[in-house]
Amino acid sequence: MILLTGANGFVGHKIMEICKDTVAAPSLCNVTQEDVKSIIEESDADVIIHTAAISDIGACQADPDASYYANVQIPLFIAKASKGRKLICFSSDQVYSGCNEEGPYLEDIVKPGNIYAEHKLEMEQRLLEINPNAVMLRAEWMYDFYLKKSNYLMNIINAREFVSFSSRQFRGITYLKEVAENMEKAITLPGGVYNFGSETTKSMYEITQEFIDLLGKKVKLEDIPARHNLWMNCDKAKKYGVKFSNVTDGLMKCAVDNNLI
């Protein structure tokens, strides 16, 4: 049995849809350690997948205390109450946002560039101190045909005149369906930190130009100055059977699945 936090969120709803024997945890808003302990013990789950978070970087910058509570304190409550259960926590590629190296990044090269990233990295480190068998998944920018949350796919679909990406920025973006489909493998991973998502050798500009052409959209693609790279090497997870399409193939798969082409 899997206990899933954030079941109504962008990532959580897809895991609920795809993964069998999964139950949704109640809201974790303002919970205490005792609340979390009761939720976990009453669930009878042997696996906990924690997706709930404040993931809006701007919101975290504006309210660091709220970010810390959601992105560090609540996961710590969960880790302390997990007691032998397998714990999977979603982290973020943003832990590489301050890196000066070009990438793609291995798991041991990290430098947060914002409050959200700082809190995600602290969460990883402190949870693994409590539970060395826990698995931290550094997820990329995920996309899907999903009306409730802005994401790469919806940004392209909804574009009317132009979209802007850099020919000098490299990052992975990942089809949400493949994230959920890989959870069974993620549960079997040894404890530690894993880059988790699609890989690419193409810039965001190249990826987007190909996708616009695939969709047949008549929008202008503007080449803008590069921000930091968020470009991960996912070989560590692949050694344990975690497999994602490359970025281009993942976008094609998503377009076909949602009758966009």
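See the structure printed just above.
Model, not experiment: these values are computed from the prediction.

Colleague: Honestly, the overall build of the protein chain in this entry has me stumped. Any pointers?
Modeller: From N to C terminus, the protein chain includes 11 helices and 10 strands. In summary, the protein chain has a C-alpha radius of gyration of 18 Å against a globular reference of 18 Å for 261 residues, a match within 12%. The principal-axis extent of the C-alpha atoms belonging to the protein chain is close to 55 × 40 × 35 Å. Across the protein chain, the fraction of contacts at a sequence separation of at least 24, relative to all contacts at a separation of at least 6, is 78%.

Colleague: Is there a simple way to think about the layout of surface pockets in this case?
Modeller: The computed volume of the largest pocket comes to approximately 1,100 Å³. Contributing to the lining of the largest pocket are 43 residues, with Ser 55, Asp 56, Tyr 116, Trp 141 and Lys 149 lying nearest its centre. Those elements that provide at least two residues to the lining of the largest pocket are helix H1 (10–18), strand S4 (86–92), helix H5 (115–130), strand S6 (141–143) and strand S7 (162–165). Looking at the second largest pocket, its volume works out to about 270 Å³. Lining the second largest pocket are 17 residues, and of these Ser 27, Leu 28, Cys 29, Ala 52 and Ile 74 sit closest to its centre. In terms of residue count, the dominant contributor to the lining of the second largest pocket is helix H4 (residues 64–82) (three residues). Counted by class, the lining of the second largest pocket contains 12 nonpolar, five polar and no charged residues.

Colleague: For this particular structure, what's the right way to read the side chain of His 119?
Modeller: Within the secondary structure, His 119 is located in helix H5. We classify His 119 as buried; its relative accessible area is 8%.

Colleague: How should I be thinking about the sheet that holds strand S3 (residues 47–50) in this particular structure?
Modeller: The strands making up a sheet associate through hydrogen bonds between their backbones, and the pairing can be parallel or antiparallel. On the basis of which strands lie adjacent, the open sheet formed by six strands has the order S2-S1-S3-S4-S5-S9 and parallel pairing. The open sheet has two edge strands with one neighbour each: strand S2 (22–24) and strand S9 (192–196). Strand-to-strand, the axes of this sheet are offset by a mean angle of 25 degrees, without reference to chain direction. Direction of pairing for strand S5 (residues 135–139) relative to S9: parallel, over a ladder of five bridges. The residue bridging Met 136 from the neighbouring strand is Val 193, located in S9. Where H5 meets the sheet, it contacts S4, S5 and S9, and its direction lies at approximately 160 degrees from that of S4.

Colleague: Explain the pattern of salt bridges here, please?
Modeller: Applying the stated rule across the entire model yields 12 salt bridges. When the shortest N-O distance is used, the salt bridge between Lys 14 and Asp 144 registers 3.3 Å. Of this pair, Lys 14 sits in helix H1 while Asp 144 is found in the loop between S6 and helix H6 (152–158), placing the two residues 130 residues apart along the sequence. Of the two residues, Lys 14 and Asp 144, neither departs from the other in class, the shared state being buried. With a shortest N-O distance of 3.4 Å, Lys 177 and Asp 257 are connected by a salt bridge. Of this pair, Lys 177 sits in helix H7 (residues 176–181) while Asp 257 is found in helix H11 (residues 247–257), placing the two residues 80 residues apart along the sequence.

Colleague: I would appreciate a short explanation of the packing of H4 against H5 in the present structure.
Modeller: Packed helices, taken two at a time, are described by their axes: the angle between them and the distance between them. Interhelical geometry of H4 versus H5 gives an angle of 15 degrees and a closest axis separation of 9 Å. Taken together, the axes of H4 and H5 lie roughly parallel to each other. Seen from above, H4 lies across H5 with right-handed handedness. Contacts between H4 and H5 pair Pro 64, Ser 67, Tyr 68, Asn 71, Val 72, Pro 75, Leu 76, Ala 79 and Lys 80 from the former with Ile 115, Tyr 116, His 119, Lys 120, Glu 122, Met 123, Arg 126, Leu 127 and Ile 130 from the latter. When its residues are assigned to classes, the contact of H4 with H5 shows 11 nonpolar, three polar and four charged.

Reading guide: rules and limits
Residues numbered from 1 in each chain as written. Predicted model: local features only at pLDDT ≥ 70, side-chain atom pairs only at ≥ 80, totals over all residues. Heavy atoms only, no water. Helix = DSSP H or I, 4+ residues; strand = E, 2+ residues; numbered from the N terminus. Rg over C-alpha atoms; globule rule 2.2 N^0.38 Å. Contact = heavy atoms within 4.5 Å. 1 Å grid on protein atoms, 1.4 Å probe; cavity = no way out; pocket = protein on both sides within 12 Å on 5 of 7 lines; lining within 4 Å. Points joined across faces, edges and corners; volume = space filled by probe spheres on them. Nonpolar A, V, L, I, M, F, W, Y, C, P; charged D, E, K, R; others polar. Buried < 20%, exposed > 50% of the residue type's maximum accessible area, 1.4 Å probe, protein only. Pairing = 2+ DSSP bridges. Axes fitted to C-alpha atoms, helices over the stretch in contact; angles between N-to-C directions. Salt bridge = Lys/Arg side-chain N within 4 Å of Asp/Glu carboxyl O. Parallel < 35°, antiparallel > 145°, perpendicular 65-115°, else oblique. Left-handed = near helix turned anticlockwise from the far one by under 90°.

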